[in-house]
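Examination of the molecular architecture
Below, each chain spelled out in residue letters.
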Amino acid sequence: MKTKAFIFDLDGVIVDTAKYHYLAWKKLANNLNIDFTHEHNELLKGVSRVRSLEIILGLGNVEASDEQKNEWLVQKNKEYLEYIDKMDDSEILPGVMKVLNFLKENNQPIILGSASKNARPILEKVNILNYFDDIVDGNDVSNAKPDPEVFIVGAKKANQTNENSIVFEDSVAGIEAANVAGMTSIGIGESSVLNEAKYNFNNFTEISTDFLVELINQ
């Protein structure tokens, strides 16, 4: 069997921490008298923390100094960390472990490629940090998706070319980043939204080992 780099996004792919981001952003928005809905939250998918705050402030036409913005970012992250501190392995999304176990057993490099600066603590909380050969997160890269930097760095860490790298993503920006890098993009979520992905599955339970073997041997 050949070797490929398998690069996983974190939020919405391995675990659903998006709900905790939403609750933390909503609390901040409410404190600023900004109405923040699930629809608004879609605008923040795959977007950096700083840009997310700018979007929220834009919704309420709120002006603020950089110092004030930084205070709010720290506050939001504190709220978010309190949520993830309570996480355990029951939060791993359906079918993920089957795929991780198959890749591990077949000596395929498994890389995390996420914008999250909290990737390591989350993987520790859900007890799967040891599955990953390397982690590229928001502390390692300066450009947010759709810039492909996080995936390109991940492929290098796995000693694989971009063409030999497979990316699992749940955001439009992430799929775009994988495609720009010339990697095989696999959308996890609604195909109508992630229509740029080369392959699409609603979740990992739909991914068969035959499909994984086919990917590796392509």
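Residues numbered from 1 in each chain as written. Predicted model: local features only at pLDDT ≥ 70, side-chain atom pairs only at ≥ 80, totals over all residues. Heavy atoms only, no water.

Looking at an unreviewed UniProt entry, one finds the protein named Beta-phosphoglucomutase and attributed to Empedobacter falsenii. The record in UniProt for the protein states the following under Sequence similarities (unreviewed entry): "Belongs to the HAD-like hydrolase superfamily. CbbY/CbbZ/Gph/YieH family." (UniProt positions renumbered as here; feature names shortened; annotations may be inferred.)

1. Focus on the domain arrangement of the protein
Interface size, as often reported, equals the accessible area lost upon joining of the parts. You can read the domains of the protein as domain 1 (5–16 + 89–217) and domain 2 (17–85). The C-alpha centroid of domain 2 is placed 25 Å from the C-alpha centroid of domain 1. Contacts between the two partners involve 13 residues from domain 1, matched on the other side by 14 residues from domain 2. A combined buried area of about 1100 Å² lies between domain 1 and domain 2, and 45% of that area is made up of carbon and sulfur atoms. Contact with domain 2 buries surface across domain 1, with Asp16, Asn118 and Lys125 losing the most and accounting together for 42% of the total. Where domain 1 meets domain 2, there are two salt bridges. Taking the shortest distance from any N to any O, the salt bridge between Lys19 and Glu91 comes out at 3.5 Å. For the pair domain 1 and domain 2, the interface holds eight residue pairs in polar contact (both at pLDDT 80 or more). Here the side of domain 1 that touches domain 2 is built from residues that sort into four nonpolar, two polar and seven charged. (Domains from an automatic or database assignment. Contact = heavy atoms within 4.5 Å. Buried area = accessible area lost by both parts, 1.4 Å probe. Salt bridge = Lys/Arg side-chain N within 4 Å of Asp/Glu carboxyl O. Polar contact = N/O pair within 3.5 Å; in protein donor to acceptor, adjacent residues only side chain to side chain. Nonpolar A, V, L, I, M, F, W, Y, C, P; charged D, E, K, R; others polar.)

2. Here we look at the pattern of salt bridges
Counted under the stated rule, the structure contains nine salt bridges. In this structure, Arg51 and Glu54 form a salt bridge, with 3.2 Å as the shortest nitrogen-oxygen distance. Of this pair, Arg51 and Glu54 are both found in helix α3 (residues 49–59), three residues apart, which corresponds to roughly one turn of the helix. Here Lys104 makes a salt bridge to Asp133, at a shortest N to O gap of 3.7 Å. Highlighted residues: Lys104 in helix α5 (residues 96–105) and Asp133 in the loop between α6 (119–125) and β3 (134–136), separated in sequence by 29 residues. A relative accessible area of 34% places Lys104 in the partly exposed class. Among the residues examined, Asp133 registers a relative accessible area of 44% and is labelled partly exposed. Taken together, the salt bridges that share partners define one network made up of Asp9, Lys145 and Glu169. (Helix = DSSP H or I, 4+ residues; strand = E, 2+ residues; numbered from the N terminus. Buried < 20%, exposed > 50% of the residue type's maximum accessible area, 1.4 Å probe, protein only.)

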